[in-house]
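Here are the chains, one letter per residue:
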Amino acid sequence: MLFDSSGAAYLAADLALMADDPATQEWWRRTAPCQHPVEEAAPGEWRASMTQVYLME
């Protein structure tokens, strides 16, 4: 999944709009049982940072 925001200043508003969307809520409800934290995640976190491998400009 890719999420693109309009920038850090708009991130909270973009996330709030996404959370208010009924289709997104349904998707989250259906996919929640499939979610598991990655082994590399910090305690209490679900995701871990990745090292950038390629940059194509």
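Residues numbered from 1 in each chain as written. Predicted model: local features only at pLDDT ≥ 70, side-chain atom pairs only at ≥ 80, totals over all residues. Heavy atoms only, no water.

Chemist: Could you clarify how one ought to interpret the overall build of the protein chain in this entry?
Modeler: Counting secondary structure elements, the protein chain contains two helices and zero strands. Residues counted as buried form 5% of the 57 residues belonging to the protein chain. Entry remark: accessible area of the protein chain is about 5,700 Å², with carbon and sulfur atoms responsible for 60%. (Helix = DSSP H or I, 4+ residues; strand = E, 2+ residues; numbered from the N terminus. Buried < 20%, exposed > 50% of the residue type's maximum accessible area, 1.4 Å probe, protein only. Areas by Shrake-Rupley, 256 points an atom, 1.4 Å probe, with all protein chains shown as cover.)

Chemist: Would you mind showing me how to read the packing of helix α1 (residues 11-20) against helix α2 (residues 22-31) here?
Modeler: Each packed pair of helices is defined by two parameters, the angle between the axes and the distance between the axes. The interhelical angle for the contact between α1 and α2, taken along N-to-C directions, is 75°, at an axis separation of 5 Å. Looking at the two axes, α1 sits roughly perpendicular to α2. Seen from α1, the contacting residues are Met-18, Ala-19 and Asp-20; seen from α2, they are Pro-22, Thr-24, Gln-25 and Trp-28. A class-by-class count of the residues in the contact of α1 with α2 yields four nonpolar, two polar and one charged. (Axes fitted to C-alpha atoms, helices over the stretch in contact; angles between N-to-C directions. Parallel < 35°, antiparallel > 145°, perpendicular 65-115°, else oblique. Contact = heavy atoms within 4.5 Å. Nonpolar A, V, L, I, M, F, W, Y, C, P; charged D, E, K, R; others polar.)

Chemist: Looking at this structure, how should I read a nonpolar patch on the surface?
Modeler: Together, Val-53, Tyr-54 and Met-56 make up an exposed nonpolar region whose accessible area comes to about 480 Å². Within the fold, Tyr-54 resides in the segment after α2. (Patch = residues over 30% accessible without salt bridge, like charges linked within 9 Å, V, L, I, M, F, W, Y side chains within 5 Å. Salt bridge = Lys/Arg side-chain N within 4 Å of Asp/Glu carboxyl O.)

Chemist: Would you mind showing me how to read the pattern of salt bridges here?
Modeler: A side chain of one charge can pair with a side chain of the opposite charge when the charged atoms of the two come close. This model, assessed by the stated rule, comprises two salt bridges. In this structure, the salt-bridge partner of Glu-26 is Arg-29, at a minimum N-O distance of 2.8 Å. Here the residue Glu-26 and the residue Arg-29 both occupy positions in helix α2, the gap between them amounting to three residues, near one helical turn. With relative accessibility at 30%, the residue Glu-26 sits in the partly exposed group. On the basis of relative accessibility, which here comes to 54%, the residue Arg-29 falls in the exposed class. When the shortest N-O distance is used, the salt bridge between Glu-26 and Arg-30 registers 2.5 Å. Of the two residues, Glu-26 and Arg-30 both sit in helix α2, four residues apart, roughly one turn of that helix. Put simply, Glu-26, Arg-29 and Arg-30 are held in one network by salt bridges that share partners.

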